[in-house]
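What follows is the residue order along each chain.
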Amino acid sequence: MATNWAAFAAAEPELAGTVEARFGAFTHHVLATLRKDGSPRTTGLEVRFLDGELWLGMMPGSLKALDLRRDARFALQANPGEGTGMGGGDVRIAGRAVEVRDPREKARYSEEVEPPEPFHLFRAELTEVVRTYVEDDTYLVVQIWQPDRALRTVKRT
């Protein structure tokens, strides 16, 4: 089961706000895709949250775009930033990337983002959102959201 960003944000607005803030703090993040042979590939990526969707834009013919066309599964990790503070914690998103081919939809995205043309555009369907952070200098807290389950929080000492 997968869902879009708007549905996740409606279900868990506080966590969604934290995740958006972590991704908004830096421009470049890390995308993991699957190569043709099934091994992982990690690459840098800029992301956008617009109109209730999480968008992944890529240069034409990029290996990550070709990976996603072949196997839509991905994992996306927010840039942790400098040092060891990690602001609002470590955040990761997993899901499937759906390529947007409709020229009108791509044009709407282009009006907002002004990417170099041409480009690949994918809309994220979320299967998991995870936030990990330290609480009270004592606990490692892991929040796990999946579309078909309530938000789970695990605390470890």
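Below you will find a few notes about this structure. (Residues numbered from 1 in each chain as written. Predicted model: local features only at pLDDT ≥ 70, side-chain atom pairs only at ≥ 80, totals over all residues. Heavy atoms only, no water.)

### Some thoughts on helix H4 (residues 103-113)
Inference 1: By the burial criterion, the buried members of H4 are Tyr109, Ser110 and Val113. In a view along the axis of H4, the buried residues occupy a sector of 105°, so they form one face of it. Exposed residues pointing more than 90 degrees away from the buried face of H4 are listed as Arg104, Glu111 and Glu112.
Inference 2: Against the buried residues of H4 lie strand E3 (47-50), strand E4 (53-58) and strand E7 (120-135).
Inference 3: In the stretch just after H4, Glu114 is the one whose phi turns positive, near 55°. (Buried < 20%, exposed > 50% of the residue type's maximum accessible area, 1.4 Å probe, protein only. Helix = DSSP H or I, 4+ residues; strand = E, 2+ residues; numbered from the N terminus. Arc of directions from axis to C-beta. Contact = heavy atoms within 4.5 Å.)

### Considerations on the pattern of salt bridges
Note on pairing: side chains with opposite charge can pair once their charged atoms come close.
Inference 1: By the definition in use, this model includes 11 salt bridges.
Inference 2: Here Arg48 ties to Glu46 by a salt bridge, and the two come within 3.9 Å at their closest N and O atoms.
Inference 3: Residue classification places Glu46 among the partly exposed residues on the basis of a relative accessible area of 35%.
Inference 4: Ionic pairing is found between Glu125 and Arg96, a salt bridge with its closest N-O pair at 4.0 Å. (Salt bridge = Lys/Arg side-chain N within 4 Å of Asp/Glu carboxyl O.)

### Some words on the nonpolar core
Inference 1: Core analysis: the biggest nonpolar cluster contains 25 residues, and Leu76, Ile93 and Leu126 have the highest contact counts within it.
Inference 2: For this core, the secondary structure elements donating two or more residues are helix H1 (5-11), helix H2 (13-24), E4, helix H3 (63-70), strand E5 (73-77), strand E6 (90-99) and E7.
Inference 3: Not counting residues within four places of it along the chain, the set of residues in contact with Ile93 comprises Trp5, Val19, Phe23, Leu54, Phe74, Ala75, Leu76, Leu126, Glu128 and Val129.
Inference 4: Leu50, Trp55, Val100 and Leu121 belong to the second largest nonpolar core, which has 7 residues in total. (Core = buried A, V, L, I, M, F, W, Y, C linked by side-chain atoms within 4.5 Å.)

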